[in-house]
Amino acid sequence: MENFSIEPLKGFGDLEFGMTLDEVVEIIGKPDKQEEIEPVEDGDDSHVVVLDYYNLDLSLYFEGNSVSKLYNFYTVNEKTTLYETNIFELDKDELIGLMAKNGHKNYVEDTDDGDCVTFEDVNIDFYFDENELVEVFWGME
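All residue numbers refer to position in the chain's written sequence, counted from 1. Totals for whole chains, interfaces and linings use all residues, but because this is a predicted model, local features are given only for residues with pLDDT of at least 70 and pairs of side-chain atoms are given and counted only at 80 or more. To get the side-chain values, take all heavy atoms of the structure and skip hydrogens and water.

A. Inspection of the environment of K69 at higher detail. Each helix is a run of H or I in the DSSP string that is no shorter than four residues. Each strand is a run of E no shorter than two, and both are numbered from the N terminus. Counting through the fold element by element, K69 comes out in strand β7 (residues 69–75). In this scheme, a residue with accessible area under 20% of its type's maximum is buried, one over 50% is exposed, and one in between is partly exposed, where area comes from a 1.4 Å probe on protein chains only. In this structure K69 comes out as partly exposed when scored by relative accessible area, which is 38%. Expressed as a C-alpha distance, the spacing of K69 and H47, which sit 22 residues apart in the sequence, is 9.9 Å. The contact definition used throughout considers only heavy atoms, calling two residues in contact when any of these lie within 4.5 Å. Those residues within four positions of K69 in sequence are excluded, and the remaining contacts are G18, M19, T20, Y61, F62 and E63.

B. Region of the structure containing the packing of aromatic side chains. Pairing of aromatic side chains here covers Phe, Tyr and the six-membered ring of Trp, requires ring centres within 6.5 Å, and sorts the geometry by plane angle: under 30 degrees stacked, over 60 edge-to-face, intermediate tilted. As enumerated under the stated definition, the model contains 9 aromatic pairs in all. Ring geometry for Y74 and F137: centres 6.5 Å apart, planes at 55°, overall tilted. Of this pair, Y74 sits in strand β7 while F137 sits in strand β13 (residues 132–139); the two residues are 63 residues apart in sequence, bridging distant segments of the chain. A residue is classified by how much of its surface remains accessible, and Y74, at 22% relative accessible area, is partly exposed. Judged by its relative accessible area of 25%, F137 falls in the partly exposed class. Ring centres of F119 and F126 lie 6.0 Å apart, and the angle between their planes is 80°; this geometry places the pair in the edge-to-face category. Overall, F119 belongs to the buried group, its relative accessible area being 1%. Classification of F126 by relative accessible area gives buried; the value is 0%.

Given below as structure tokens:
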């Protein structure tokens, strides 16, 4: 995988939300680790699978009953771009400015579990440590 571009509400590089596990593996290969997560609530029969790609600093989350579909990404990959900008080179204010420049002016800051800035309109969470971006988690609508 060479394209590390976040496409809000669409995907990441060549991977798109809604792809099946098999489609993803065909594109980027077998994961280093595959984990199934048990449902949180009794009676919930949804099936969650997480694929971890250590060399890409990437985790992919799939959910579904009969066919699992890609619904979330998580990365700490320093090559990650958003709007043609390497986001791991930006501090918090610069990243908020990048989002505003691209039409995403409303965000929520949460410091209860670390320092997180969430842009709900595009379902992206940016996590910071001492003003430095350390991880990104994003999903589909």
